[in-house]
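Here is what each chain is made of, one letter per residue.
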Amino acid sequence: MIRPPSLFILILCCLAPILPVKSRAENGAPPLKGMALGLFSKEANYDYQKDLDELKGIGVNAISLVVNWYSPDIRSNMIEPKPDNGSENSTIDDAKLIRVVEQAHRRGMKVVLFPYLRFERRGPKDWRGVLAPANFEVWKANYERFIFHYADLAKLHGIEVLSVGSELGSLEEKKEFWEGLIKKVRLRFPGKLLYSANWDHYTYPTFWSSLDYIAITSYYSLSKNNTPTFEELLQTWLNLKKKILLFKAQYPQKLIFTEVGYPSLDGGNVNPWNYFAKASVDVEEQALCYRAFIEAWKNTPELAGVFWWVWFDPGGPQDPGFTPRGKPAESLLKQWYGGETK
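Residues numbered from 1 in each chain as written. Predicted model: local features only at pLDDT ≥ 70, side-chain atom pairs only at ≥ 80, totals over all residues. Heavy atoms only, no water.

Enquirer: What is the right way to read the pattern of salt bridges from this model?
Expert: A pair can form between side chains of opposite charge whenever their charged atoms are brought close. Per the stated rule, a full pass over the model turns up 14 salt bridges. Among the ionic pairs, Arg107 bridges to Asp53, the shortest N-O distance being 2.7 Å. Of this pair, Arg107 sits in the loop between α3 (94-106) and β4 (110-119) while Asp53 is found in helix α2 (residues 49-58), placing the two residues 54 residues apart along the sequence. Note on Arg107: relative accessible area 15%, which makes it buried. Take Asp53: its relative accessible area is 43%, and that puts it in the partly exposed class. Across the pair Glu167 and Arg128 runs a salt bridge whose closest N-O atoms are separated by 2.4 Å. Taken together, the positions of Glu167 in the loop between β5 (161-166) and α5 (175-188) and Arg128 in the loop between β4 and α4 (136-156) put the pair 39 residues apart, joining distant regions of the chain. Look at Glu167 and you get buried, because its relative accessible area is 5%. Accessibility expressed as a relative area gives 14% for Arg128, which makes it buried. Members of the salt-bridge network, linked through shared partners, are Lys50, Asp51, Glu54 and Arg325. (Salt bridge = Lys/Arg side-chain N within 4 Å of Asp/Glu carboxyl O. Helix = DSSP H or I, 4+ residues; strand = E, 2+ residues; numbered from the N terminus. Buried < 20%, exposed > 50% of the residue type's maximum accessible area, 1.4 Å probe, protein only.)

This is how it looks when you write it as structure tokens:
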């Protein structure tokens, strides 16, 4: 005799389509499903918990946090923090940084800490990649103090990954300096170490074998077309992937993209590195760039992680910035990362 279903089962069946469930499909995402959390708020008591909850909902399991110290210019030997006074050029207070780290850890997220060198004065072509300190030995001592500060903080608060540098192209052939720095940092910090090379300079560092990851930023030009097709963007990424993996094959370490990002602008795929670009808002082009990257890099065993730039600004369909928040790109990322769905 076949028994009719119980009332309880009937109720569950009726409610199933509307009950929130968590997707188990991760669609070939890498182990570190990352996002850069922008610590940009000028509010003294801003709490990043809402941002972290949103990222958790997307499926993010790792965040990168950039912390800035400053030099007067690219030729200076000085490297110092600037008071956290809410201004654009300042260093987040250690207590605030630690609070974000602890909040991320409570949500099961790993943390990648990025000490970043910035400059108070810059000429038209001045940036980290052309750094030229007047006295390298003095600069070296100051740079070590900078990195050691965050290595000690990272150890004390269980941070999983620390960057020892980012995009310092003019110094990347100084193998003795970098290997010495890495050895000193390993005596202070037990976690994983990386160095983040610029996307057009990842073949230059002479010290990859001393690190735990091959790490690069990624703001490649994907086309010369303000209205690209998906096929065009995908083919560019497939070509780039082939070159990157061919280089990486020299090393046993896995690959991390420490920054991948696209502004929500018409033509944003052409020069995505250009933070000063002005054009009409185009969230669909941003989504097309996300889709091309995801399609090219999904199910790639060599890829340890991806950190998208950046989660902070209000977002939404009228926002021209890099954040995917409230845009079609967020939905694509949520699908790839296996985030919460209804």
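Enquirer: I tried to follow the pairing of β4 on my own but got confused; where do I start?
Expert: Note on strand geometry: in a regular strand, side chains alternate between the two faces of the sheet. Across the 10 residues that make up β4, a large majority, 8, are buried. As paired elements, strand β3 (residues 62-71) and β4 share 10 bridges and run parallel to each other. Directly across from Leu65, in β4, lies its bridge partner Leu113. Pairing geometry for β4 and β5, over 2 bridges, is parallel. Bridge pairing links Val112 to Val161 in β5. A crossover connection joins β4 to the parallel β5 through α4; in handedness this β-α-β unit is right-handed. (Pairing = 2+ DSSP bridges. Right-handed = clockwise from strand over helix to strand, strands pointing away.)

Enquirer: Would you explain the sheet that holds strand β9 (residues 303-311) in this entry?
Expert: Whether parallel or antiparallel, the strands of a sheet pair through hydrogen bonds between backbone atoms. Taking strand neighbours around the barrel as the criterion, the 8 strands line up as β2-β3-β4-β5-β6-β7-β8-β9 in a closed arrangement whose pairing is parallel. Here the strands of the sheet are splayed against their neighbours by 25° on average, with no regard to which way each runs. Lying on the sheet, α5 is in contact with β5 and β6 (192-197); it crosses β5 at an angle near 155°. Relative to the sheet, helix α6 (residues 230-248) contacts β7 (213-218) and β8 (254-260), its axis offset from that of β8 by approximately 135°. (Axes fitted to C-alpha atoms, helices over the stretch in contact; angles between N-to-C directions. Contact = heavy atoms within 4.5 Å.)

Enquirer: Any chance you could explain the packing of helix α7 (residues 283-297) against helix α8 (residues 328-337) here in plain terms?
Expert: Helix packing geometry: the angle between the two helix axes and the distance between the axes. α8 packs onto α7 with a crossing angle of 20° between their chain directions and a minimal axis gap of 8 Å. In terms of orientation, α7 lies roughly parallel with respect to α8. Residues Val283, Glu284, Gln286, Ala287, Tyr290, Arg291, Phe293 and Ile294 of α7 lie in contact with α8, whose contacting residues are Pro328, Ala329, Leu332, Leu333 and Trp336. Here the contact of α7 with α8 is built from residues that sort into 10 nonpolar, 1 polar and 2 charged. (Parallel < 35°, antiparallel > 145°, perpendicular 65-115°, else oblique. Nonpolar A, V, L, I, M, F, W, Y, C, P; charged D, E, K, R; others polar.)

Enquirer: Help me understand unusual backbone geometry, please; the structure alone is not making it clear to me.
Expert: Both trends apply: most residues other than glycine have a negative phi, and most peptide bonds are in trans. The linkage connecting Trp309 with the following residue, Val310, adopts the cis geometry, with an omega of 10°. Located in the positive-phi region is Glu167, a residue other than glycine, with phi close to 60°. Even without glycine at this site, Asn299 takes up a positive phi of about 55°. With respect to the helices and strands, the residue Asn299 is situated in the loop between α7 and β9.

Enquirer: Where do I start with the nonpolar core in this structure?
Expert: What tends to happen in soluble globular proteins is that the nonpolar side chains get buried as a cluster. In this structure, Trp237, Phe257 and Trp308 are the most contacted members of the largest nonpolar core, which totals 107 residues. When residues of this core are assigned to their parent elements, the largest contribution, 10 residues, is made by α4. Beyond its immediate chain neighbours, meaning those up to four positions away, Trp237 contacts Ser218, Tyr220, Leu222, Phe257, Tyr262, Ala292, Phe293, Ala296 and Trp297. (Core = buried A, V, L, I, M, F, W, Y, C linked by side-chain atoms within 4.5 Å.)

Enquirer: Help me understand α3 in this model?
Expert: Owing to its 3.6 residues per turn, the α-helix aligns residues three or four sequence positions apart on the same side. Given a rise of 1.5 Å per residue, 13 residues ought to cover 18 Å, and the 18 Å separating the end C-alpha atoms of α3 matches this to within 8%. The complete set of buried residues in α3 reads Leu97, Ile98, Val100, Val101, Gln103 and Ala104. Check the buried side of α3 and you find it contacts β2 (32-37), α2, β3, β4 and α4. Where α3 ends, the next residue or the one after it, Gly108, has phi of about 80°, a positive value. (Expected span 1.5 Å × (residues − 1).)

Enquirer: What should I look at first to understand the side chain of Arg128 in this one?
Expert: There is a polar contact of 2.4 Å between the side chain of Arg128 and the side chain of Glu167. With sequence-adjacent residues up to four places away left out, Arg128 is seen in contact with Tyr116, Leu117, Arg118, Phe119, Ser166, Glu167, Leu168 and Gly169. (Polar contact = N/O pair within 3.5 Å; in protein donor to acceptor, adjacent residues only side chain to side chain.)

Enquirer: How do you make sense of the environment of Ile216 when you look at a structure like this?
Expert: Inspection of the secondary structure puts Ile216 in strand β7. Spatially, the C-alpha atom of Ile216 lies 18 Å from that of Leu131, the residues being 85 residues apart in sequence. Apart from residues lying up to four places away in sequence, Ile216 is in contact with Ser196, Ala197, Tyr202, Ile244, Leu255, Ile256, Phe257, Thr258 and Glu259.

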